[in-house]
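Residue strings, one per chain:
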Amino acid sequence: MPGTLVAMPGVLPDGETVPVDGSLPATATTAVGARGFGVYVHVPFCASRCGYCDFNTYTAAELGGGASRDGYADTVLAELALAARVLGDSPPPRVDTVFVGGGTPTLLAADDLARILDGVDRTWGLAADAEVTTEANPESVTPESLKLLRAAGYTRISLGMQSASPGVLAILDRKHSAGRATAAALEARDAGFEHVNLDLIYGTPGERAEDFAASLEQVVAAGADHVSAYALIVEDGTRLAARMRRGELAYPSDDVAADRYLAAEAALDAAGLSWYEVSNWAATDQARCRHNLLYWTGADWWGLGPGAHSHVGGVRWWNVKHPSAYAQRLAAGASPGLAREVLTADEAHMEDVMLRLRLASGLPLTVLDAAGRAGAERALADGLLAADEYAAGRAVLTLRGRLLADAVVRDLLP
């Protein structure tokens, strides 16, 4: 399917042990930020858990007495100080993007979010045109809190709308009303945010074509200059998966998801938003999410917070999951890193092809080996790659190719 919901994973992979001091191989720090540098901040708190969610997030009841929002900003700043020591003599030239995700970052006080951003700026320096994003649930912001965030330096907000249908929101266990997300988008504009994203999920059981059409109409009417739309993925261990196993809800349909994707492309394109990644549309080049583009183009970033992933110079690592364990490690002066992996050339190539093919810019055919170029020729013949771009030496997905993006990727890799 063309888009899947991506966030901080609930299950972490295996890897080698991270040194107690968090130090990196010398080869990883020779050119930090040469392809761009970003900072991700994970805020693991939620007021309630959505039925489809398996992200590394916690309600107050799930945390028990082991951790809380109080003092969380200070813990993040402690990891930031450790990061500064690790990069030491090889700091990035600047921070191009900051993305605060979760969870619900805006459950933290605006002052705490401001302190975290100020800490990043004091540590490495924000670029003059830095993109600074926070995610938010629509019910977790007010006109006043949005003004405080904008004054603190946040330039972009990403609101979890998911749907305009009350019935669909109920199935997903979303707590906001059907109109709250678009109202929050308008409030963000009034507060001075330069860019506003609305997230949609399609293919929820019970969602009708007219429900999704109404969601798209509301997104456009709200004036969002960026839209992310993801096919619902049912993850093991979630309430939604349990309901489907019991037969209370039907499993998502690939055919329905494809129809929804085509509807999104038609409606958003007509409204002047162009796809730049399979699941993302933007009104202008400036409205594209530059932080995600860092991920998709192999740049460096440091991830702060429990379960957060980082990548510097071909080394990828991830922190311990639970907020209590995260805070305990930092309090002891140790890295919160749980494990890491050093990407081989083949692994780096695979990820480069997999991620860049999803972009509207595609990738040069020259990065493919002989088998990959043969696969590209087959994809071209099947109408999955654009003929004019192919003639110019690039592999770029057609609309049909976007629907089958994963299959095309498999055909281009060894």
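Residues numbered from 1 in each chain as written. Predicted model: local features only at pLDDT ≥ 70, side-chain atom pairs only at ≥ 80, totals over all residues. Heavy atoms only, no water.

As recorded in an unreviewed UniProt entry, the protein chain goes by Heme chaperone HemW and comes from Micromonospora chokoriensis. UniProt, in its Function (unreviewed entry) section for the protein chain, records the words "Probably acts as a heme chaperone, transferring heme to an unknown acceptor. Binds one molecule of heme per monomer, possibly covalently. Binds 1 [4Fe-4S] cluster. The cluster is coordinated with 3 cysteines and an exchangeable S-adenosyl-L-methionine." What the UniProt record of the protein chain gives under Sequence similarities (unreviewed entry) is the line "Belongs to the anaerobic coproporphyrinogen-III oxidase family. HemW subfamily." (UniProt positions renumbered as here; feature names shortened; annotations may be inferred.)

**Q** Hey, could you run me through the overall build of the protein chain in this one?
**A** Tallying secondary structure elements over the protein chain gives 16 helices and 15 strands in all. Overall size of the protein chain, expressed as C-alpha extent along the three principal axes, is 55 × 50 × 45 Å. A buried classification covers 55% of the 414 residues belonging to the protein chain. Here the analysis covers contacts within the protein chain between residues at least 6 apart in sequence; of these, 73% occur between residues at least 24 apart. By element, 53% of the accessible surface of the protein chain is carried by carbon and sulfur atoms, the whole surface being about 16800 Å². Each charge sign in the protein chain was given a centre, from 34 positive and 52 negative side chains, and these centres are 2 Å apart. (Helix = DSSP H or I, 4+ residues; strand = E, 2+ residues; numbered from the N terminus. Buried < 20%, exposed > 50% of the residue type's maximum accessible area, 1.4 Å probe, protein only. Contact = heavy atoms within 4.5 Å. Areas by Shrake-Rupley, 256 points an atom, 1.4 Å probe, with all protein chains shown as cover. Lys, Arg positive; Asp, Glu negative; His and termini not counted. Charge placed at Lys NZ, Arg CZ, Asp CG, Glu CD.)

**Q** Quick question: what am I supposed to make of the side chain of T106 here?
**A** Inspection of the secondary structure assignment puts T106 in the loop between β3 (95-102) and α3 (110-124). Among the residues examined, T106 registers a relative accessible area of 11% and is labelled buried. Of the polar contacts made by the side chain of T106, one reaches the side chain of S140; its length is 2.5 Å. For T106, the contacting residues outside a window of four places in its chain are L113, T134, E135, A136, N137, S140, V141 and L149. (Polar contact = N/O pair within 3.5 Å; in protein donor to acceptor, adjacent residues only side chain to side chain.)

**Q** Even after reading the chapter, I still don't get the confidence of the model for the protein chain, so can you show me in this structure?
**A** Parts of the model with low pLDDT should not have their predicted coordinates read in detail. Chain-level pLDDT for the protein chain is 93 on average; 96% of the residues reach the 70-or-more range. Of the regions scoring below 50 in pLDDT, residues 3-10 engages in 31 contacts with residues more than four places distant in sequence or in other chains. (pLDDT = per-residue confidence, 0-100.)

**Q** Sorry, what's going on with the packing of helix α7 (residues 209-221) against helix α9 (residues 254-270) here?
**A** When two helices pack together, you describe them by how their axes are tilted relative to each other and by the distance separating the axes. Following both chains from N to C, one finds α7 and α9 inclined at 30 degrees, their axes separated by 10 Å at the closest point. Overall, the two elements α7 and α9 adopt an arrangement that is roughly parallel. In this structure, α7 crosses over α9, and the sense of that crossing is right-handed. Residue-level contacts link A209, F212, L216 and V220 of α7 to R260, A263, A264, A267 and L268 of α9. A breakdown of the residues in the contact of α7 with α9 according to their chemical character gives 8 nonpolar, no polar and 1 charged. (Axes fitted to C-alpha atoms, helices over the stretch in contact; angles between N-to-C directions. Parallel < 35°, antiparallel > 145°, perpendicular 65-115°, else oblique. Left-handed = near helix turned anticlockwise from the far one by under 90°. Nonpolar A, V, L, I, M, F, W, Y, C, P; charged D, E, K, R; others polar.)

**Q** How do you make sense of α3 when you look at a structure like this?
**A** Count 3.6 residues to each turn of an α-helix, and residues three or four apart come out pointing the same way. Helix length check: α3, at 15 residues, gives a terminal C-alpha distance of 22 Å against a target of 21 Å (1.5 Å per residue), a fit within 8%. Within α3 the residues assigned to the buried category are A110, D112, L113, I116, L117, G119, V120 and W124. The inward-facing, buried residues of α3 abut β2 (37-43), α2 (72-87), β3, β4 (126-136), α4 (143-152) and β10 (300-304). At the C-terminal side of α3, G125 shows a positive phi close to 90 degrees. (Expected span 1.5 Å × (residues − 1).)

**Q** Where do I start with the pattern of salt bridges in this structure?
**A** Close approach of charged atoms lets side chains of opposite charge pair. Scanning the model with the defined rule gives 22 salt bridges in all. For D411, the salt bridge identified is with R378, shortest N-O distance 2.9 Å. Of this pair, D411 sits in helix α16 (residues 405-412) while R378 sits in helix α13 (residues 370-381), and the two are 33 residues apart along the sequence. Members of the salt-bridge network, linked through shared partners, are D74, D112 and R115. (Salt bridge = Lys/Arg side-chain N within 4 Å of Asp/Glu carboxyl O.)

**Q** Looking at this model, I keep getting lost on the domain arrangement of the protein chain. Mind explaining?
**A** Many structure descriptions define interface size as the accessible area lost when the parts assemble. Domain annotation of the protein chain identifies domain 1 (16-300) and domain 2 (344-413). The C-alpha centroid of domain 2 is placed 27 Å from the C-alpha centroid of domain 1. With 14 residues of domain 1 at the interface, the matching set in domain 2 holds 10 residues. Around 1200 Å² of area is buried between domain 1 and domain 2 when both sides are counted, 68% of it from carbon and sulfur atoms. (Domains from an automatic or database assignment. Buried area = accessible area lost by both parts, 1.4 Å probe.)

**Q** Looking at this structure, I do not really get the pairing of strand β6 (residues 195-202). What am I missing?
**A** In regular strands, side chains alternate between the two faces of the sheet. Of all the 8 residues making up β6, 8 are buried; the element is thus mostly covered by neighbouring parts of the structure. What you see with β6 is no split at all: H195, N197, D199 and I201 on one side and V196, L198, L200 and Y202 on the other are buried throughout. The sheet contact formed by β6 and strand β7 (residues 226-231) spans 6 bridges and is parallel. Bridge assignment links L200 to a residue of β7, and that residue is A229. As a crossover connection, the stretch from β6 through α7 into β7 is right-handed. (Pairing = 2+ DSSP bridges. Right-handed = clockwise from strand over helix to strand, strands pointing away.)

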